[in-house]
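# Observations on chain architecture
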Amino acid sequence: MRLKTKLVIAISLMVFAIVVALSTIYVSQLVRQVLNDGVKEGDFAVNQIIYFAREALETDLSSTRIDPNNTQQVNAFVEESLQTDPGVIGAMESQIGYSQIIIDTAIVGPDGKAILHSEAEMIGKPVPPRPDMRQLASANFWQQLRVVYGPIRTYVIKVPLDRDNRPFGSAQVGISSALLQSTLQQLLNRALIFSSLAILVSLVLAAGLSNFALRPLEAISRRLDQMSSGEIAAPAPRELNRTDEYGNVSSKIERIGRQMRTVNEVFSALQENVDQIMANLQDGLMLFTKDRRAVLVSASIETFLGKPRGEMLGNHAEEIFSRQTQLGRNVLNAFASHHPMHMVEIAGDNGTEVQVSLDFIEEGGQQLGALLTMRDAESMRKIEGEIEVSRRLANIGKLTSGVAHEVKNPINSIVVHLEILRNKLKEPDADTVRHMDVIGSEIQRLDRVVQTLVDFTRPVELRLADLDIRELVRQVAFMARPDCERHAVHVVTEISDEALPAKIDSDLLKQALLNIMINGAQAMEKGGTLTVRARRNGSDAQIEIQDTGSGIPPAIRDKIFNLYFTTKKSGSGIGLAMTYRIMQLHNGSVHFDTRSGEGTTFYLTLPLTRTEQQQERDDLVARS
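Our subject in this report is the structure included herewith. (Residues numbered from 1 in each chain as written. Predicted model: local features only at pLDDT ≥ 70, side-chain atom pairs only at ≥ 80, totals over all residues. Heavy atoms only, no water.)

Below, the discussion takes up the pattern of salt bridges. If you walk through the whole model with that rule in mind, you get 14 salt bridges. Where Glu318 meets Arg292, a salt bridge forms, and the shortest distance between an N and an O atom there is 2.7 Å. With Glu318 in helix α10 (residues 317-320) and Arg292 in the loop between β5 (284-289) and β6 (294-297), this residue pair connects regions lying 26 residues apart in the sequence. Note on Arg292: relative accessible area 25%, which makes it partly exposed. By sharing partners, the salt bridges in this structure join Glu494, Arg533, Arg535 and Glu544 into a single network. (Salt bridge = Lys/Arg side-chain N within 4 Å of Asp/Glu carboxyl O. Helix = DSSP H or I, 4+ residues; strand = E, 2+ residues; numbered from the N terminus. Buried < 20%, exposed > 50% of the residue type's maximum accessible area, 1.4 Å probe, protein only.)

Following this line, the structure appears as structure tokens:
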């Protein structure tokens, strides 16, 4: 969040808090004042009714025929006196007519029933209980605020009525909260409008004030951006030619900028060279200072330790390596004993075998730092194995190309002479015909083998085209499904949603995939599941073909890519060798993982086509 935004928000919040506090005080006083006025008005009205009621009840019973000891006769006389007294009736009606908040008046007897009521239908009926207006006037602010924004209710102000100094019912005045709301809401709406205007004005003033106060900071920021982009020689903005604190800061920045100019030029050249070297290194490389702090970390080191470079740069060796792992213990012990390590093979943090080398850098007997090198031992062994297989295939190719050429001509001659011999034999016996047919079929089979040798060793011209590998995998799975179903094998495809563009020869790659899929289906004699996956693996596309067969026996695992090696009675032994060659022609690789009784998974890796956005992103990562 920008500083200007923070300043505007802070000022606005401060003004808002002040406005809310003052508004709350104002509203609470206003509500309390209106309620107190309502109580006073209600007290005046109820006392008026009490006054006239007492005059109506001052009649001496001795002058009447009513027995003073008969309560029923006395109550009936009192009710009749009140109901017929014009003063009482006039007082009750006048309070409703003159008051804006009183909605009804009543005189209630000792039994809770209305002796006299401003609503005629309520006379003789029980008066419903109502909350006391005086308690509301003395309640807290939030309870009082419910009168304004809560449901409409009727409150009461009640004064006891006595006769001959003995309690006799009460006089009541009903006050509606709707009338109070109409009085208060006008005042509260006015206060709300003024508060909103105050907050709006504060926002405008805060924005203007922050813009005025922080304008030099924006100029300083632009100047720093110029320096960071290499425009240090550009003149300083006019906003910074001041004599206050901003001017002092600006002058110091200018001095620092001039000092950085030469350093930046040297550092940029050095950084470009170092970053290019570190990005291209396949081995993991870490450079430590004499206090074991990492100051240089190659990109590939992340794969060995499973940590981002940002978490390792600037940290000590004790913070990077853990003694809970074999790799961490060996490295930390070597640092502690100051004893170098020379390509020691250790189990890495991610479970792979790692070749580790630690060399201490010294000059003139003074320790300057240490250089740690890591190399994937398994990858080295795989590379050596692939080189060995490629060397064997190259030697076989040289040998078979010559042999095939020399054998092809004698085979053609044998075929010709066999046909001549057939023609010379007028009526050969059945045994002779059978032997000649065997010779002919074996010659044809030998010819097919020689032709296969010629095709395998012949240079292949790739017809590369841009294609999504996902579509190719779908096509191959569709082509292989009928043959797999004949072996009771269910084909399952798991294809990534992410596009996998690559330059490939689709015909050759289809042949490579079909070879492995058919082999996998044939390896599941009792049926099973053949799973084909296609997904991105870094900058490569990886195709996985997994079967649920019996697995490849350990004794032949190193031979399956050899030409003419097969365990099938009718196999030619060139399928996997051809797949291996096709992957090499595409700058890819193929390897497998097998477990006895669980099945085999082949992994085919192909480089993906790099888009312009990916190339720019990789360049940025390399320069960072």
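Back to the text.
Below, the discussion takes up the pairing of strand β14 (residues 540-546). In terms of burial, β14 is largely enclosed, as five of its seven residues are buried. In terms of strand pairing, strand β13 (residues 528-537) meets β14 through seven bridges, oriented antiparallel. Bridging from a neighbouring strand, Arg535 pairs with Gln542 of β14. Counting the residues in the hairpin turn of β13 and β14 gives two residues, including Gly538, whose phi is positive at 70°. (Pairing = 2+ DSSP bridges.)

Now for a nonpolar patch on the surface. Residues Ile193, Phe194, Leu197, Leu200, Leu203 and Val204 make up a contiguous nonpolar surface patch of about 590 Å² in total accessible area. Looking at where Leu197 falls in the secondary structure, it is placed in helix α6 (residues 177-228). For Leu197, a relative accessible area of 46% gives the class partly exposed. (Patch = residues over 30% accessible without salt bridge, like charges linked within 9 Å, V, L, I, M, F, W, Y side chains within 5 Å. Areas by Shrake-Rupley, 256 points an atom, 1.4 Å probe, with all protein chains shown as cover.)

What follows covers the sheet that holds strand β2 (residues 114-117). Strand order in the open sheet formed by four strands is β2-β1-β4-β3, and the pairing between neighbours is antiparallel. In the strand order of this sheet, the two ends are held by β2 and β3 (154-163), each with one partner. The average angle at which neighbouring strand axes cross in this sheet is 20°, direction not considered. Here strand β1 (residues 102-108) runs beside β2; their pairing, made up of three bridges, is antiparallel. Residue pairing across strands places Ile107 opposite Leu116, the latter belonging to β2. The sheet strands contacting helix α3 (residues 86-98) are β1 and β2, and the helix crosses β1 at an angle near 155°. (Axes fitted to C-alpha atoms, helices over the stretch in contact; angles between N-to-C directions. Contact = heavy atoms within 4.5 Å.)

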